[in-house]
Amino acid sequence: MLLTIRPTGGHSPVYADRQDWTVLDERQPVGRIYEDTSASTDQRWTWSITVYVWPDAGIATSGKAATLDQAKAEFQRNWIAWSKQAV
């Protein structure tokens, strides 16, 4: 499974200084990771799985992280856990 990110785009110029990424699994959008510059530094990045996940799957579908790399890692860990269940 190869997860990639691409700029989300299409935002107001007011948010041009913020990083915002769409997460893709084999070119299918499955999530989003973005920077919240108003949040504290230990919760600067928000990640979320944006496709349907069974409510009883027992995985996190969103979270906060201090860095982009941490947000990517948390997203990937939860996405892999979901992918194993969704087969």
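Below: a short report on this structure. (Residues numbered from 1 in each chain as written. Predicted model: local features only at pLDDT ≥ 70, side-chain atom pairs only at ≥ 80, totals over all residues. Heavy atoms only, no water.)

## Things to note about the pairing of strand S2 (residues 20-25)
Alright, step 1. Taking burial as the measure, the 6 residues of S2 include 5 buried ones, the bulk of the element.
Alright, step 2. Where strand S1 (residues 3-7) lies against S2, 5 bridges are found, and the strand directions are antiparallel. By the bridge assignment, isoleucine 5 is partnered in S2 with valine 23.
Alright, step 3. Pairing of S2 with strand S3 (residues 28-35) involves 6 bridges; the strand directions are antiparallel. When the sheet's bridge partners are listed, aspartate 25 is paired in S3 with glutamine 28.
Alright, step 4. Remark: 2 residues form the turn of the hairpin made by S2 and S3, two consecutive strands paired antiparallel; glutamate 26 in that turn has positive phi of roughly 50 degrees. (Buried < 20%, exposed > 50% of the residue type's maximum accessible area, 1.4 Å probe, protein only. Helix = DSSP H or I, 4+ residues; strand = E, 2+ residues; numbered from the N terminus. Pairing = 2+ DSSP bridges.)

## Comments concerning the sheet that holds S1
Alright, step 1. With antiparallel pairing, 5 strands are arranged side by side in an open sheet as S1-S2-S3-S4-S5. Each edge of the sheet is formed by a strand with only one pairing partner; in this case those strands are S1 and strand S5 (62-65). Each neighbouring strand pair of the sheet contributes to a mean axis angle of 25 degrees, computed without reference to strand direction. (Axes fitted to C-alpha atoms, helices over the stretch in contact; angles between N-to-C directions.)

## Focus on the packing of aromatic side chains
Alright, step 1. Scanning the model with the defined rule gives 3 aromatic pairs in all.
Alright, step 2. Ring plane angle 80 degrees and centroid distance 6.0 Å describe the contact between tryptophan 47 and phenylalanine 75, whose orientation is recorded as edge-to-face. One end of the pair, tryptophan 47, is in strand S4 (residues 45-49); the other, phenylalanine 75, is in helix H1 (residues 68-85), and 28 residues separate them in sequence.
Alright, step 3. Assessed through its relative accessible area of 2%, tryptophan 47 is described here as buried. (Phe/Tyr/Trp six-rings, centres within 6.5 Å; stacked < 30°, edge-to-face > 60°.)

## Let's talk about the nonpolar core
Alright, step 1. Ranked by internal contacts, the top residues of the largest apolar core, which has 15 residues, are Ile33, Ile49 and Phe75.
Alright, step 2. Mapped onto this core, the elements with two or more residues apiece are S3, S4 and H1.
Alright, step 3. A per-element tally of this core places H1 first, with 5 residues.
Alright, step 4. Here isoleucine 33 is in contact with Gln19, Asp20, Trp21, Val23, Trp45, Thr46, Trp47, Leu68, Ala71, Lys72 and Phe75, once residues within four sequence places are set aside. (Core = buried A, V, L, I, M, F, W, Y, C linked by side-chain atoms within 4.5 Å. Contact = heavy atoms within 4.5 Å.)

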